[in-house]
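# Examining the three-dimensional arrangement
Here are the chains, one letter per residue:
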Amino acid sequence: DAGVIQSPRHEVTEMGQEVTLRCKPISGHDYLFWYRQTMMRGLELLIYFNNNVPIDDSGMPEDRFSAKMPNASFSTLKIQPSEPRDSAVYFCASSFMGFTEAFFGQGTRLTVV
Amino acid sequence: SQQGEEDPQALSIQEGENATMNCSYKTSINNLQWYRQNSGRGLVHLILIRSNEREKHSGRLRVTLDTSKKSSSLLITASRAADTASYFCATDEDDKIIFGKGTRLHILP
């Protein structure tokens, strides 16, 4: 397996634009996590899914953020409209059976100007 | 929410020395994990220790867990330049993996 795959690796967008981040988890993993990393706040858990169902989205900062997992091999995190304070590195991670070893993607570095 | 709090925030040591990082957490846990993050990369799992374990080894890594003090430590022995990275502890909250802010470790040649 190629590991967790995220796209794009880098995204620069203008304030107000819609941004969609994509993630392909490791095949067979039943948990998927979206994190945001900034210097100020560290790694924040935004939302996680179990068997494609969102379990806890309490970390999603605002209604501008939404996440979907239409099937076991794909998830998206959407920001609409984007703001400069959304600039961060966004990570997707997957695991088998909850709090076990999580495998991280390489992240998407988002810059909103 | 952030459960774990790593200490120190940053650490610089000479190559060959041992590096110790600590993690304190607030509420009861079932398991605790340590991860490494190299600059510009995703996190990589190092070791998981269960609440009924006190110590665990993996190569040059030694992790201890003291549930009475709600703390854990990560020891890297005989450090190498390649150990330069940020190290995070992670605690479980239901099935969620919650990370601390990490310790930045720099190995000096």
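The text that follows walks through the structure, step by step, so that each part is easy to find. Here the structure is a predicted model, which is why all the values come from computation and not from measurement. (Residues numbered from 1 in each chain as written. Chains lettered and ligands numbered in written order. Predicted model: local features only at pLDDT ≥ 70, side-chain atom pairs only at ≥ 80, totals over all residues. Heavy atoms only, no water.)

Moving on: the overall build of chain B. From N to C terminus, chain B includes zero helices and 11 strands. When the helices and strands of chain B are listed from N to C terminus, the series reads β-β-β-β-β-β-β-β-β-β-β. For a compact globule of 109 residues, the expected C-alpha radius of gyration is about 13 Å, and chain B comes in at 13 Å, within 12% of that figure. Along the three orthogonal principal directions, the C-alpha set of chain B runs to about 40 × 25 × 20 Å. Relative to its 109 residues, chain B shows a buried fraction of 46%. Counted over contacts in chain B with a minimum sequence separation of 6, partners at least 24 positions apart contribute 54%. (Helix = DSSP H or I, 4+ residues; strand = E, 2+ residues; numbered from the N terminus. Rg over C-alpha atoms; globule rule 2.2 N^0.38 Å. Buried < 20%, exposed > 50% of the residue type's maximum accessible area, 1.4 Å probe, protein only. Contact = heavy atoms within 4.5 Å.)

Turning our attention to the pairing of strand 9 (residues 88-95) of chain A. Residue and element names in this part refer to chain A. Of all the eight residues making up strand 9, eight are buried; the element is thus mostly covered by neighbouring parts of the structure. Burial along strand 9 is two-sided: Ala88, Tyr90, Cys92 and Ser94 facing one way and Val89, Phe91, Ala93 and Ser95 facing the other are all buried. When strand 4 (residues 31-38) meets strand 9, the two strands line up antiparallel, connected through seven bridges. Residue Trp34 lies in a different strand from strand 9, and its bridge partner there is Cys92. For strand 9 and strand 11 (residues 108-112), the ladder comprises three bridges, and the chain directions are antiparallel. Directly across from Ala88, in strand 11, lies its bridge partner Leu110. (Pairing = 2+ DSSP bridges.)

Taken as a whole, this structure holds two disulfides over all chains when the rule is applied. Here A:Cys23 connects covalently by a disulfide to A:Cys92, the sulfurs 1.8 Å from one another. On the sign convention where negative is left-handed, the bridge of A:Cys23 and A:Cys92, at about -65° about the S-S bond, is left-handed. Of this pair, A:Cys23 sits in strand 3 (residues 19-24) while A:Cys92 is found in strand 9, placing the two residues 69 residues apart along the sequence. The class for A:Cys23 is buried, based on a relative accessible area of 1%. For A:Cys92, a relative accessible area of 0% gives the class buried. The side chain of B:Cys23 participates in a disulfide bridge whose partner is B:Cys89; the two sulfur atoms lie 2.0 Å from each other. (Disulfide = S-S within 2.5 Å.)

Turning to the sheet that holds strand 6 (residues 55-58) of chain B, a few remarks are in order. All names here are of chain B. Pairing is antiparallel across the open sheet formed by five strands, whose spatial order is 1-3-8-7-6. The sheet terminates laterally at strand 1 (5-7) and strand 6, the two strands that pair on one side only. In this sheet, adjacent strand axes meet at a mean angle of 20° when their direction is disregarded. In terms of strand pairing, strand 7 (residues 61-66) meets strand 8 (residues 71-76) through six bridges, oriented antiparallel. Bridging across to strand 8, Val63 finds its partner in Leu74. (Axes fitted to C-alpha atoms, helices over the stretch in contact; angles between N-to-C directions.)

Right, let's get into the interface of chain A and chain B. Contacts between chain A and chain B engage 22 residues on the former and 22 residues on the latter. Interface area, chain A with chain B, both sides summed: about 1,800 Å², of which 56% is carbon and sulfur. Area buried by chain A at its contact with chain B is led by A:Leu43, A:Phe99 and A:Phe104, which between them contribute 37% of it. The tally of links from chain A across to chain B stands at one salt bridge. Measuring nitrogen to oxygen at the nearest pair gives 2.9 Å for the salt bridge that ties B:Lys96 to A:Asp56. Run the count over chain A and chain B and you get seven residue pairs in polar contact (both at pLDDT 80 or more). Secondary structure elements with two or more residues in the side of chain A that touches chain B: strand 4 and strand 5 (42-50) of chain A. (Buried area = accessible area lost by both parts, 1.4 Å probe. Salt bridge = Lys/Arg side-chain N within 4 Å of Asp/Glu carboxyl O. Polar contact = N/O pair within 3.5 Å; in protein donor to acceptor, adjacent residues only side chain to side chain.)

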